[in-house]
Amino acid sequence: MHFRLDSETTAFRDEVRAYLQEVLTPEFEEQTYRSGVAHDDGFAKGLIEKGYFAPGWPVEFGGQDRGPWAEQVVKELMMRFDAPVYLSETTRMVASIIRAIGSPELQERIVPAAMNGDLTIALGFTEPECGSDVAAAATRAVRDGADWVINGSKMFTTNGHIADYVFLLARTSPEKPKHKGLTMFLVPLDSTGFEAQAVWTLSGERTNITFYSDVRVGDQWRIGEIDGGWQVLGLSLQDEHASGWGPHIARLLDHAERWAQTAPAEGCRPAIANSDVRRRIARVAMEAEVSELLLRRCVWMSEQGRHPVAEGPMSKIFSTEALERASQDIVELVGPDGVRSFLDPTAPEQGRFEQLLRFSLGTTIYAGTSEVQRSIIAQRGLGLPR
Ligand SMILES: Cc1cc2nc3c(=O)[nH]c(=O)nc-3n(C[C@H](O)[C@H](O)[C@H](O)COP(=O)(O)OP(=O)(O)OC[C@H]3O[C@@H](n4cnc5c(N)ncnc54)[C@H](O)[C@@H]3O)c2cc1C
């Protein structure tokens, strides 16, 4: 078994890479860094026009019918280039759920528009009082005639201040056991009673706390059965749990290698002449390689029709914890200059060491914390008791 790309996928990857090199200019990178927002309408539209937004989707939805490996190489490149795609990813994920189980009316109204860049969708699962235990959601949706009236608040609704809709988890039957009283809605964010307030994270990313005060939506905005929200949510969590951050480690490795060959260390010799530098860089290279293989194993399993129940969390935990280890290791290696920021003209490698160090810390939290992922491996992968 091997996870090498075939020649067609390799050619496609090279094409996408050349496009990203062209459009992700230093000016664009600075604008993204300053905004703290992982989305840019123009960039997203460009991906759609080139057919890179969802290459595995059918042509009628703007895809290229290419299959999971083409999707995978695009995902890897977006991370490798640190491209602002989070809102595009959440939009595509919800569009795929609506395409699978949404009402015909929602499918017609949302899916084509989401896939051609005319609308965007953020995720509203986490609340101020519950994140990992997402089934404890307390935001209420109460039936009122043909409508639902929503009250509550959601934490970390990333891009909730710019998206058109939020994919919202709400409690519809508080008297039922917690997993059985939830329903999913697609809430238009121009609704009266919705408010988003900025929350700035350590990584410099802007996310939001969002408030719903008597937000009224028609029943046509419900996704799935009433009280069937847990099953609908499961479709998106599966996707999140089988993730990997290896390309960010590869990005760190690129910068570390370049720094080691150019930065003077002892006397006039470059840093790479030092065996400790080589040892640490080799360690980062190994972490990048293992992370890539673990994620590609998940893609391969999905292609075989198998769900990577434990393999997905293994990929997520290993790659994010390796990213933390590697970025700390490299900052220690580079020394005080390693914490100079992107906006400091004297920062080595345009401040990428400092930026990756801060970025890495959030990766072990979102899309399921390491502790929660370990429980999934123990219970569902190894069959151990709760
Ligand atoms: C930058 C960022 C962006 C995000 N974007 C979104 C978004 O767009 N939409 C969205 O809905 N959410 C988003 N999240 C929320 C994210 O999914 C949650 O932060 C995450 O699920 C953890 O929930 P929590 O923060 O409430 O922590 P908690 O669940 O309170 O966990 C606190 C600690 O307790 C541990 N813990 C909790 N339960 C268990 C358990 N059963 N066993 C062992 N340990 C446990 C956790 O691992 C963690 O270390 C984002 C978070 C961040 C940081």
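Residues numbered from 1 in each chain as written. Predicted model: local features only at pLDDT ≥ 70, side-chain atom pairs only at ≥ 80, totals over all residues. Heavy atoms only, no water.

A. Region of interest: the overall build of the protein chain. A count of helices and strands for the protein chain gives twelve helices and eight strands. Relative to the compact-globule value of 21 Å for 386 residues, the protein chain shows a C-alpha radius of gyration of 22 Å, a close match. With the principal axes as the frame, the protein chain shows a C-alpha extent of 80 × 50 × 40 Å. Taken over 386 residues, the protein chain has a buried fraction of 52%. For the protein chain, the proportion of contacts with a sequence separation of at least 24, taken over those separated by at least 6, is 71%. Accessible surface computed for the protein chain: about 17900 Å², of which carbon and sulfur atoms make up 52%. Averaging the coordinates of the 40 positive side-chain charges in the protein chain and doing the same for the 54 negative ones gives two points 5 Å apart. (Helix = DSSP H or I, 4+ residues; strand = E, 2+ residues; numbered from the N terminus. Rg over C-alpha atoms; globule rule 2.2 N^0.38 Å. Buried < 20%, exposed > 50% of the residue type's maximum accessible area, 1.4 Å probe, protein only. Contact = heavy atoms within 4.5 Å. Areas by Shrake-Rupley, 256 points an atom, 1.4 Å probe, with all protein chains shown as cover. Lys, Arg positive; Asp, Glu negative; His and termini not counted. Charge placed at Lys NZ, Arg CZ, Asp CG, Glu CD.)

B. Looking closely at the site of the ligand. By nearness alone, 15 residues border the ligand, and Thr126, Ser132, Phe156, Thr369 and Glu371 come closest of all. At a separation of 3.0 Å, a nitrogen atom of the ligand approaches a polar backbone atom of Leu123. Between an oxygen atom of the ligand and a side-chain N or O atom of Thr369, the distance comes to 2.6 Å. Bound to the protein, the ligand loses 64% of the 970 Å² it would expose on its own. Considering only residue class, the shell around the ligand consists of seven nonpolar, six polar and two charged. Summarising the domain contributions, the shell around the ligand has at least three residues from each of domain 2 (121-227) and domain 3 (242-381). (Near = heavy atom within 4 Å. Polar contact = N/O pair within 3.5 Å; in protein donor to acceptor, adjacent residues only side chain to side chain. Nonpolar A, V, L, I, M, F, W, Y, C, P; charged D, E, K, R; others polar. Domains from an automatic or database assignment.)

C. A look at helix H3 (residues 41-50). The complete set of buried residues in H3 reads Phe43, Ala44, Gly46, Leu47 and Ile48. Packed against the buried residues of H3 are helix H1 (7-23), helix H2 (26-35), helix H4 (68-80), helix H5 (86-101) and helix H6 (104-115). The N-cap residue of H3 is Asp40: its side-chain oxygen and the backbone nitrogen of Gly42 are 3.1 Å apart. Two residues or fewer past H3, Gly51 is found with a positive phi of approximately 80°.

D. Geometry of the packing of aromatic side chains. All told, the structure shown has eleven aromatic pairs when counted by the stated rule. Considering the side-chain rings of Tyr165 and Trp221, the 5.4 Å spacing of their centres and the 35° angle between planes classify their relative orientation as tilted. Taken together, the residues Tyr165 in strand E4 (residues 165-171) and Trp221 in the loop between strand E7 (206-218) and strand E8 (222-223) connect sequence positions 56 residues apart. When sorted by exposure, Tyr165 lands in the same class as Trp221, which is buried. The rings of Phe12, Tyr19 and Tyr52 are connected pair by pair, giving a single aromatic cluster. The residue whose ring lies beneath Arg92 is Phe53, and the NZ or CZ to ring-centre distance is 5.3 Å. In this structure, Lys316 packs its charged tip against the face of Trp245, placed 5.4 Å from the ring centre. (Phe/Tyr/Trp six-rings, centres within 6.5 Å; stacked < 30°, edge-to-face > 60°. Lys NZ or Arg CZ within 6 Å of the ring centre and 35° of its normal.)

E. Highlighting the pattern of salt bridges. Considering all chains together, one arrives at 28 salt bridges under this definition. We note a salt bridge from Asp276 to Arg280, for which the minimum N-O separation is 3.2 Å. Of this pair, Asp276 and Arg280 both sit in helix H9 (residues 275-303), four residues apart, which is roughly one turn of that helix. Look at Arg280 and you get buried, because its relative accessible area is 11%. Taken together, the shared-partner salt bridges in this structure form one network comprising Asp276, Arg279, Arg280, Arg283, Asp329 and Glu332. (Salt bridge = Lys/Arg side-chain N within 4 Å of Asp/Glu carboxyl O.)

F. View of the domain arrangement of the protein chain. Domain annotation of the protein chain identifies domain 1 (7-84), domain 2 (121-227) and domain 3 (242-381). Of note, the centres of domain 2 and domain 3, computed from C-alpha atoms alone, are 33 Å apart. Contact with domain 2, which involves four residues of that partner, is made by five residues of domain 3. Buried area between domain 2 and domain 3, summed over both chains or domains, comes out near 390 Å², and the portion from carbon and sulfur atoms is 61%. Three residues, Ser132, Leu202 and Ser203, lead the burial of domain 2 against domain 3; their summed loss comes to 87% of the area buried on that side. (Buried area = accessible area lost by both parts, 1.4 Å probe.)

G. Structural view of the side chain of Arg296. Note that Arg296 resides in helix H9. The exposure class of Arg296 is buried, given its relative accessible area of 6%. Setting aside anything within four residues of it in sequence, one finds Arg296 in contact with Phe3, Leu5, Trp69 and Glu76.

H. Region of the structure containing the environment of Ile365. When you line up the elements, Ile365 lands in the loop between helix H11 (352-363) and helix H12 (370-381). Residues Ile365 and Gly145, spaced 220 residues apart in sequence, show a C-alpha to C-alpha distance of 39 Å.

I. Looking closely at unusual backbone geometry. Of note, Asp65 is a non-glycine position whose phi angle comes to about 55°, a positive value. Following the sequence through the fold, Asp65 ends up in the loop between H3 and H4. According to the relative accessible area criterion, Asp65 is exposed, its value standing at 53%. Residue Ala367 is not a glycine yet carries a positive backbone phi of 60°. Among the structural elements, Ala367 can be located in the loop between H11 and H12. A residue is classified by how much of its surface remains accessible, and Ala367, at 14% relative accessible area, is buried.

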